[in-house]
Structures are given as structure tokens and as C-alpha cells.
2 protein chains.
Amino acid sequence: LEHIKNIAAAFSELQLEICQKLEQADGKGLFGKDNWNKEIGGGVTRVIQNGQVIEKGAVNFSFVEGKLSERMESVLGEKADNYAATGISSILHAHNPWVPTIHMNVRYFVLDNGVSWFGGGIDLTPSIIVPGEAKWFHEQLKAICDRFHPDFYSRFKKWADDYYFLPHRDETRGVGGIFFDRLKPDENVDFGQLFAFAEAQAKAYPDIYSEFMKNSNKAFTEREKHWQSLRRGRYVEFNLVNDRGTKFGLESKGNTESILVSMPANAAWEYNFSPPPGSLEEKTQELLKKDINWIGFKNKK
Amino acid sequence: LEHIKNIAAAFSELQLEICQKLEQADGKGLFGKDNWNKEIGGGVTRVIQNGQVIEKGAVNFSFVEGKLSERMESVLGEKADNYAATGISSILHAHNPWVPTIHMNVRYFVLDNGVSWFGGGIDLTPSIIVPGEAKWFHEQLKAICDRFHPDFYSRFKKWADDYYFLPHRDETRGVGGIFFDRLKPDENVDFGQLFAFAEAQAKAYPDIYSEFMKNSNKAFTEREKHWQSLRRGRYVEFNLVNDRGTKFGLESKGNTESILVSMPANAAWEYNFSPPPGSLEEKTQELLKKDINWIGFKNKK
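Sequence order sets the numbering: in each chain, residues are counted from 1 along the sequence as written. Chain labels run from A onward and ligand labels from 1 onward, assigned in the order the entries are written. Under the rules for a predicted model, residues below a pLDDT of 70 receive no local features and side-chain atom pairs below 80 are neither given nor counted, while totals for whole chains, interfaces and linings still include all residues. With hydrogens and water set aside, each side-chain value is computed from the structure's full complement of heavy atoms.

A. Seen up close, unusual backbone geometry. Phi is positive for A:Asn50, close to 60°, though the residue is something other than glycine. Helix and strand definitions follow DSSP, with helices as H or I runs of at least four residues and strands as E runs of at least two, each counted in order from the N terminus. You can see A:Asn50 is positioned in the loop between strand 2 (41-49) and strand 3 (54-67). Relative accessibility decides the category of a residue: with a 1.4 Å probe and only protein chains considered, values under 20% of the type maximum give buried, values over 50% give exposed, and everything between is partly exposed. Classification of A:Asn50 by relative accessible area gives exposed; the value is 51%. Phi at B:Arg182 takes a positive value of approximately 55°, unusual for a residue other than glycine.

Laid out in C-alpha cells, this is it:
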């Protein structure tokens, strides 16, 4: 399990780089730094609150190791004594409803039976979907994926659509992105390339978000701000009801404040809310669907 | 399964009575009425939004029946072909942080193997705990319980402490109350008395809450209002992460809007929030513990 330390060191550096780039783009907010240590390992939680553009966000790094429990063995379908895992996980919520919420995660998992894999992804959750922006976002992700494997984008785009989905609402969390797990080296892509793929995502993440942060100059109405709060309610529902990572973290007695730092600063619920017919909010609702080809998206005239 | 229709009819009448009493106490808000029907049965969702005192609340009635799935058999430890269930479920959130959130549920479950039981309870979640009020609340519940069985209050008070608990926060949801499930007739309490016990709770519920609604005359600060939002965040966490009823409802493809009408109008999250030392908020946090003897509570001088 020794080589994971190099990956953890690289992730830790990337965490800092992401925070620095985001601070620069924000122009006011600064990331705090909290180290935590538990029996299973430790991490560094970096949180920004009340920035110029970013209302609440976090970039977390963690490195944990321990005995592989029977439950984990059955979930993973692997037999081993010990595991180690390291990763970066980030969520950013902005004040302005025209600046989407974004989420990024890269992680590496290794067992002492020799099996190891990468997981991760980036996905976007706009309050109000602007198809041209969703298209641009997917183009950026496809460009990263294409550098490593011609199938990556289409496979991981579909995976994100399926993962970021609320069955009880029958809607996607946002416009998706890419999601992958249990990605192991094979004849096409070796370990070094997978590591580089994870790094490329983490590096692109603050650059992509900086583009969206420029929307904070856009004026917005009270109604759009309320709609943002309602959409944040759905984000909370996804994270607490559907997200496997959050569930696993809370059940395994992880660091609750670090896990739930993903929650938005505020959220709202209104019974049987329906947006005005023909409004952008209504159009957004219609676009919260799986399998939309964002890169090929054409606006109907 | 025929006799459950009488209970459902009684619950349906009680639903209306509760709403009428609450409307009178509120003086402005009115409950809407939505009937819903699904394959498994139907119900009536009555929701109040933006009342004078009550910000968001619901009193729901439902009557469902169907085949007992293998999963339900294993959860219940019972073998039967069909089940039927009816109940009232209510949550009320008020504008003023000095008016607590309250929750009440009564339900009856019957199997075609002859086994049936009652479940239910009332519990209180103040933003700011006022020990004298928590004491009064528990006294009201004890008085109801004592009419039916001398052990009911102590058993069901403990059950509520254990049920309304957030393990990931190591805190109770509020000051508890009573909670019971699988309550079957025995040599001490017959079916009629259990039904009367459930009815007594449902009848007392709006009267108890009307007393708390009087707190809406109390002035409050911005800080207390923000604290209320943070406490509502915990309420959301409990309902989405820990509450078995909500989980079961969402998984069994129930009526999502009726299930999640329990969500507050708003909620907030702040990373690593800690209230000012010596503040009422801090004292509240210290009282979010199991096994506090509220009836015997003495304020320290």
C-alpha cells in the first residue's frame, strides 16, 4: 500500500492549487483550513464562506486506511485484509442564481490483495439551465476524457446521468457531467494514465468554474433567488437521500462537519410548487432528464 | 380487514378536527385539501402555508392496502398475504423561533393473519429550548398516557428519545415526547382502549400546539431567526437520513410531495457553527440529549 502515499501527496498539492485558483477568481473569499484526525485516518477540510461570488464551498482532502470490513468486502466484491483510500472532494455554491453549483471528486482506492482503482467525476447543477453553458461544460469534460480514451466521455457521461438522479422526484440533479468508479488499468490505459486523468480533472475544475463565476455580474430577481433556494432543497435531498458517498460517510462515523459541508448555505421547500408556464424555471424543470446530448444540443427557435 | 375502515373513518374525521382547531388558533392561515390516489391506496393531504403563526404545516390522512412484500415480511417478522394501514401524520413549523416545531402521528396496521397494532406519538422540536415549556409538554403527554396504562409514559418517552436521535450529530432532534409502535392489545389494554389512546393523542395535539402558538407574540432577533434556520437544517437531516417513515415512503414510491411536506419552508447550514458561549443557543445544544427527565426538570440558579 506504499505507492498510495505518492498519490495522496499529489492530491494534497492539488487541493491547495484548486483553492488558490478559486480564491483568485473570487477576489474576496479565503479558504480556511481544518485538519482532522480520526481512528481511520485524517484529512484537511478547506472551507470558504461568504466570498464575493462563492457563498459556501469546500475543497476536502482525505487519506484513510484500515481493515476491510465484511460489509465493505460484500459491497466491493473483493477479499482483502486492509485498504487505503485518498481523494479530493469539492462542492461550490454561489450567491448568484446564474452561477451554477459544481461538484468534483477524484479518489484512489487500494487493497492489500493488489487490486486498486480510481474513481471521480465533475458535475454541474445550475438553478436555471442555460443550454449553451451546459454544452460548453460538457465540451470541456469531453476534451479531458478524449486525451485518455475515446470511450471515456460517453461512458462516464451516461454514468453521471444515472448516478445524479433523484428517483423520488424523477429528475436529474442538474445537467450531469462525468462520473466513474472502479476504473482499473487495462491494455488500453495504464496506471500512470489513469492517475494523469484524475489529475487533469482536478486541475481543470477551478478553471471551468472560474468561467461560470463570471455570471455573478448578471442581475437577478427575487423570484430567481427563491427558485435557487428551492433547487438547493433538491440538492439537499439528493445528498442526504441518494448520495452513496454521504451515506457511507455518515454511517461509518466519518467527520460529520466535513461530510455535510456539501450542504448549501440555505435551502427551501414549498408544497406542490410549480413555476409559471413558459418561464425559465419551467424550462429548467423540463431539462432535468437523463440522456440529453448536451454537446449536440440545439436551441429550438 | 373490514374493521380498519371504521378506524380510517375516525382518523379522517380527526384530521378535519385538527385542521379546524389549528386554523382557529392561527387566525389567518387555511388548510388546503389535496386528494391523492395511487395503486396502493389514497389519502388527503391538508397543507397550510404562510399563516399568521404557522409558516408551513401539514395534516395528512392516508389509507393504503396491498400485498405484503417479502421485504415487509422480513422487516415486520410476520407472515401474511395482505395488509392495510391507515394513519394521520402532521408536522407544523412556525415563523417565530420561540414557537417550536411539532410532529404527531397515529397509525393502525392490520394483516390478514389476524395480527394488528397501533403506532404513533407526539414530539416537540424547539429552536430554543425553554425547560419549563418542555416540562409542561411532557406533563400533557404523561396525563394522556396515564389514562390508559401506568407504564405507557415512561416506556414511550424513552422510545422517543431513542428514535428522534441523529447519530451523526450525537444529538436528539428536540426535547422528545412519546413514540410507540407495534402496540397490540393484551390482558391490560384491549383494542378499544388502544384506539381511544390514539384518538386522545390526535385530539390533544392541536390543543397542545395552540398553547405554544401563543409564543408568536414574543419578539425575536435576527440571530435567533438564523439559529432557527440552522436547527431546521438538523430537522431536514433527521427526516431525510434517519426517519424510517420518510425512507420507507420514498423507497416505496409513495406520494413524494405528501411525504416531503414535512420539510420546513427554509433551512440553513454553516460549517462548524458554534453559538456564543453562555447563549440560549448554547444551552439548547447542551439539552439535546437522551434521558432528560423533563417532568422532574429543575432550573439551576
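B. Main features of the relation of the copies chain B and chain A. Note on the copies: chain B fits chain A at an RMSD of 0.0 Å, the axial shift is 0.0 Å, and the rotation between them is 180°. In symmetry terms, the pair is related by a two-fold rotation axis. For chain B, the smallest separation between a C-alpha atom and the rotation axis is recorded for B:Ala267, amounting to 2.7 Å. By definition, residues are in contact when any of their heavy atoms lie within 4.5 Å. Most of the interface of chain B is mirrored in chain A, where 100% of its interface residues again form contacts. Superposing the copies works by least squares over the C-alpha atoms of residues that have pLDDT at least 70 in both of them.

C. Quick peek at the interface of chain B and chain A. With 29 residues of chain B in contact, the opposing surface of chain A contributes 29 residues. Once two parts are put together, the accessible area they lose, assessed with a 1.4 Å probe and summed over both, is termed the buried area. Interface area, chain B with chain A, both sides summed: about 2,600 Å², of which 57% is carbon and sulfur. Looking at the side of chain B facing chain A, the largest losses of area belong to B:Glu257, B:Trp269 and B:Tyr271, adding up to 31% of the total buried there. Counted as salt bridges are all cases of a side-chain nitrogen of Lys or Arg within 4 Å of a carboxyl oxygen of Asp or Glu. Inspection of the chain B/chain A interface yields 2 salt bridges.

D. Main features of the sheet that holds strand 1 (residues 34-38) of chain B. All names here are of chain B. Any two strands with at least two DSSP-identified bridges between them are counted as paired. Spatially, the 7 strands line up as an open sheet ordered 1-2-3-4-5-6-9, and their pairing is antiparallel. In this open sheet, the two edge strands, each paired with only one partner strand, are strand 1 and strand 9 (176-183). The mean angle between the axes of side-by-side strands here comes to 10°, regardless of whether they run parallel or antiparallel. Pairing of strand 4 (residues 82-94) with strand 5 (residues 101-111) involves 10 bridges; the strand directions are antiparallel. In the sheet register, alanine 84 faces strand 5, and the bridge partner there is valine 110. Between N-to-C directions, angles cover 0 to 180 degrees, with each direction set by a line fitted to C-alpha atoms, over the stretch in contact for helices. Sheet strands touched by helix 1 (residues 4-26): strand 2 (41-49), strand 3 (54-67), strand 4, strand 5 and strand 6 (116-125). Its angle to strand 3, the strand with the most contacts, is close to 175°.

E. Expanded view of the packing of aromatic side chains. All names here are of chain A. Put simply, two rings from Phe, Tyr or Trp (the six-membered ring, in Trp's case) pair if the centres are within 6.5 Å, and we call them stacked under 30 degrees between planes, edge-to-face over 60, tilted for the rest. For the coordinates displayed, the defined rule picks out 50 aromatic pairs over all chains. Ring centres 5.0 Å apart and planes at 45° place the aromatic pair phenylalanine 152 and phenylalanine 197 in the tilted group. With phenylalanine 152 in helix 4 (residues 152-163) and phenylalanine 197 in helix 5 (residues 191-213), this residue pair connects regions lying 45 residues apart in the sequence. Exposure class is identical for phenylalanine 152 and phenylalanine 197. Each is buried. Among the aromatic residues, those joined into a cluster by ring pairs are Phe148, Phe152, Phe156, Trp159, Tyr163, Tyr164, Phe179, Phe180, Phe197 and Phe238. Here the basic side chain of lysine 290 rests over the ring of phenylalanine 165, its NZ or CZ set 4.3 Å away from the ring centre. Sitting over a ring, as applied to charges here, requires NZ of Lys or CZ of Arg to be within 6 Å of the ring centre and within 35 degrees of the ring normal.

F. Here's a closer look at the nonpolar core. In this structure, A:Phe11, A:Leu22, A:Ile88, A:Ile102, A:Phe152, A:Phe197 and A:Tyr209 are the most contacted members of the largest nonpolar core, which totals 61 residues. With 12 residues, the single largest contributor to this core is helix 5 of chain A. Residues belong to one nonpolar core when they are buried, are Ala, Val, Leu, Ile, Met, Phe, Trp, Tyr or Cys, and are joined through side-chain atoms within 4.5 Å. Residues B:Leu14, B:Cys19, B:Leu124 and B:Tyr209 belong to the second largest nonpolar core, which totals 60 residues.

G. Representation of the pairing of strand 6 (residues 116-125) of chain A. Residues and elements named next belong to chain A. Extensive coverage of strand 6 is indicated by the burial of 10 of its 10 residues. Covered by surrounding structure in strand 6 are Ser116, Phe118, Gly120, Ile122 and Leu124 together with Trp117, Gly119, Gly121, Asp123 and Thr125, the residues of both alternating faces. As consecutive antiparallel partners, strand 5 (residues 101-111) and strand 6 are separated by 4 residues, and within that stretch glycine 114 has a phi angle of approximately 100°, a positive value. Across 6 bridges, the pairing between strand 6 and strand 9 (residues 176-183) is antiparallel. When the sheet's bridge partners are listed, aspartate 123 is paired in strand 9 with glycine 177.

H. Quick peek at the environment of A:Leu14. Residues and elements named next belong to chain A. Its place among the elements puts leucine 14 in helix 1 (residues 4-26). When its relative accessible area of 3% is taken as the criterion, leucine 14 is described as buried. Setting aside residues no more than four positions away along its own chain, leucine 14 makes contact with Ile88, Glu199, Ala202 and Lys203.

I. Layout of the pairing of strand 5 of chain A. The element strand 5 of chain A is largely enclosed, with a buried count of 10 among its 11 residues. The hairpin formed by strand 4 (residues 82-94) of chain A and strand 5 of chain A contains 6 residues between the paired strands.

J. Spatial organisation of the environment of B:Lys184. Residues and elements named next belong to chain B. With respect to the element layout, lysine 184 can be found in the loop between strand 9 and helix 5 (191-213). Look at lysine 184 and you get partly exposed, because its relative accessible area is 33%. The sequence separation of lysine 184 and phenylalanine 248 amounts to 64 residues, and the corresponding C-alpha distance is 22 Å. Residues within four places of lysine 184 in sequence aside, it is in contact with Glu78, Val115, Ser116, Trp117 and Leu194.

K. Just the packing of helix 3 (residues 131-146) of chain B against helix 5 of chain B, in detail. Residue and element names in this part refer to chain B. Contact geometry for helix 3 and helix 5: axes closest at 10 Å, N-to-C directions at 160°. As judged from the angle between their axes, helix 3 and helix 5 are roughly antiparallel. Judged by the sense of rotation from one axis to the other, the crossing of helix 3 with helix 5 is right-handed. For the pair helix 3 and helix 5, contact is made by Glu133, Trp136, Phe137, Gln140, Leu141, Ile144 and Cys145 and by Phe197, Ala200, Gln201, Ala204, Ile208, Glu211 and Phe212, respectively. Here the angle decides the label: under 35 degrees means roughly parallel, over 145 means roughly antiparallel, 65 to 115 means roughly perpendicular, and every other value means oblique. By definition, turning the near helix anticlockwise from the far helix through less than a right angle yields a left-handed crossing, and turning it clockwise yields a right-handed one.

L. Local environment of the pattern of salt bridges. A complete count under the given rule lists 42 salt bridges over all chains for this structure. The closest approach of N and O atoms between A:Glu171 and A:Arg234, which form a salt bridge, is 2.6 Å. Remark: A:Arg234 occurs in helix 6 (residues 222-242) and A:Glu171 occurs in strand 8 (residues 171-172); sequence separation between them is 63 residues. Each member of the pair, A:Glu171 as well as A:Arg234, is classed as buried. Between B:Asp123 and B:Arg173 there is a salt bridge, with the nearest N and O atoms lying 3.0 Å from each other. One end of the pair, B:Asp123, is in strand 6; the other, B:Arg173, is in the loop between strand 8 (171-172) and strand 9, and 50 residues separate them in sequence.

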